[in-house]
Amino acid sequence: MLPSSFDELDVAIVDAVRSAPRASWRDLGEVLGVDPATVGRRWARMESEGAAWVAAHPSGSATPACALVEVDCVPGRLTEVARALAEDSQAATVKVTSGARDVLVLAQAPGLDELSGYLLDLVGRIPGISKIRSHVVTRSTLEASRWREGALNPEQRRRLGSDAGRSSGGAGPLDDVDTRILRALHTDGRMSFERLAEHAGVGPVPVRRRLTRMQQAGLVTFRCDISRHLSGRSVSAVYFGSLDVQDLSAAEERIRSLPGVRASTFVAGPFNVIVDASLRSTAEVHDLEWRMSQEVPALRVQDRSLVLSMTKLLGRILDAEGRSVRAVPLIPEVQAGPLR
């Protein structure tokens, strides 16, 4: 059930943007059967209210080293700790949770050495943290960028399909200009080529060429997130489980197909599988766990937590309703040269 301020067309526009994040309003309107001006106007409203936004992040061979970090806090300091962590560019996502951990953080850094340095410094640097337990990510088996609300029909999804011609590597490392483009797109994934050129220090044509190359090489992923007010899925749950190593590959596809599963990650730690789910009610928390036991009998769910507050989501500070308030760029700033 959607809130009265949004309707099914808004959700369809979000799903269309998720499928083709930088497509023109004309192209999206043609697929949706809606006037392009209406699509643009509705998106502008959702974006200005913080209900929907698009961000880019490095992927493929450019993916930073990541870890899921369980944080225990000194009594009475939880909110303070979560807010302090949210200001760290290395803390991509910050969740206040129920259960055996107070805060769950997705930490990232350019390499494992930098990630290790960040984690080793965390307890002493942020007052109120008593203990951390880190689980280094070995593979993301399902990215949240692939999440859809199911508002498009198969033909619309086919017309908006954006994965064709995409590879998982083969391109060289990102240079400073590529990095400036990505940093700008992290703030606004639909930023025009003219505005990107101002950030990158090169003209719009080179920007377009570079972005096309990065997309085709799988070095950049666009992701559209929405507030829970718009999605109607007000409950987020995290499941911590284990699989025997010989079962990892077979379980991967089954976990991806489960309803409500938003992201799935293999990690090195006491658990080796961590699953994020977006649900409509707390009653669905154990329903999904039961489905996992049926579809993936080798998976042993050893713990689960509900997200009490999503403080930050992939570089976006959120309010109590899950609306984007501002961006904390995850990509280090690189000084731009003169426009050419």
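Calculation criteria
- Residues numbered from 1 in each chain as written.
- Predicted model: local features only at pLDDT ≥ 70, side-chain atom pairs only at ≥ 80, totals over all residues.
- Heavy atoms only, no water.
- Helix = DSSP H or I, 4+ residues; strand = E, 2+ residues; numbered from the N terminus.
- Buried < 20%, exposed > 50% of the residue type's maximum accessible area, 1.4 Å probe, protein only.
- Contact = heavy atoms within 4.5 Å.
- Areas by Shrake-Rupley, 256 points an atom, 1.4 Å probe, with all protein chains shown as cover.
- Lys, Arg positive; Asp, Glu negative; His and termini not counted.
- Charge placed at Lys NZ, Arg CZ, Asp CG, Glu CD.
- Polar contact = N/O pair within 3.5 Å; in protein donor to acceptor, adjacent residues only side chain to side chain.
- Phe/Tyr/Trp six-rings, centres within 6.5 Å; stacked < 30°, edge-to-face > 60°.
- Lys NZ or Arg CZ within 6 Å of the ring centre and 35° of its normal.
- Salt bridge = Lys/Arg side-chain N within 4 Å of Asp/Glu carboxyl O.

Draft legend 1. Structural detail: the overall build of the protein. For the protein, the helix and strand inventory stands at 12 helices and 12 strands. Dimensions of the protein along its principal axes, counting C-alpha atoms only, are 50 × 45 × 40 Å. Within the span of the protein, comprising 340 residues, buried residues form 50% of the whole. Residue pairs in contact within the protein that sit at least 24 positions apart in sequence constitute 77% of those at least 6 positions apart. Summed over all atoms, the accessible surface of the protein reaches about 15700 Å², with 51% contributed by carbon and sulfur. Charge separation in the protein, taken as the distance between the mean sites of 43 positive and 42 negative side-chain charges, equals 2 Å.

Draft legend 2. Quick look at the side chain of Ser264. Mapped onto the secondary structure, Ser264 falls in strand 8 (residues 261-268). Side-chain polar atoms of Ser264 contact the side chain of Thr141, separated by 2.9 Å. Sequence-distant contacts of Ser264, defined by excluding residues within four places in its chain, comprise Ser140, Thr141, Leu142, Ile255, Val273, Ile274 and Val275.

Draft legend 3. Broad picture of the packing of aromatic side chains. Taken as a whole, this structure holds 2 aromatic pairs when the rule is applied. An angle of 50° between the planes, with centres 5.2 Å apart, marks the rings of Phe240 and Phe271 as tilted. Here the residue Phe240 occupies a position in strand 7 (residues 235-242), and Phe271 occupies one in the loop between strand 8 and strand 9 (273-279), the gap between them amounting to 31 residues. On the basis of relative accessible area, Phe240 is assigned to the buried category, the value being 1%. Above the ring of Phe193, the side-chain terminus of Arg22 is found at 4.9 Å from the ring centroid.

Draft legend 4. Expanded view of unusual backbone geometry. The backbone phi angle of Leu314 is positive, close to 45°, even though this residue is not glycine. Mapped onto the secondary structure, Leu314 falls in the loop between strand 10 (300-313) and strand 11 (316-318).

Draft legend 5. Representation of the pattern of salt bridges within the structure. For the structure on display, the rule yields 29 salt bridges. In this structure, Asp7 and Arg42 form a salt bridge, with 2.8 Å as the shortest nitrogen-oxygen distance. With Asp7 in the segment before helix 1 (8-19) and Arg42 in helix 3 (residues 36-48), this residue pair connects regions lying 35 residues apart in the sequence. Residue Asp10 is joined to Arg42 by a salt bridge in which the shortest nitrogen-to-oxygen separation is 3.2 Å. Pair noted here: Asp10 is in helix 1 and Arg42 is in helix 3, with a separation of 32 residues, a long-range link. Salt bridges sharing partners connect three or more residues here, namely Glu70, Asp72, Arg101, Arg133 and Asp303.

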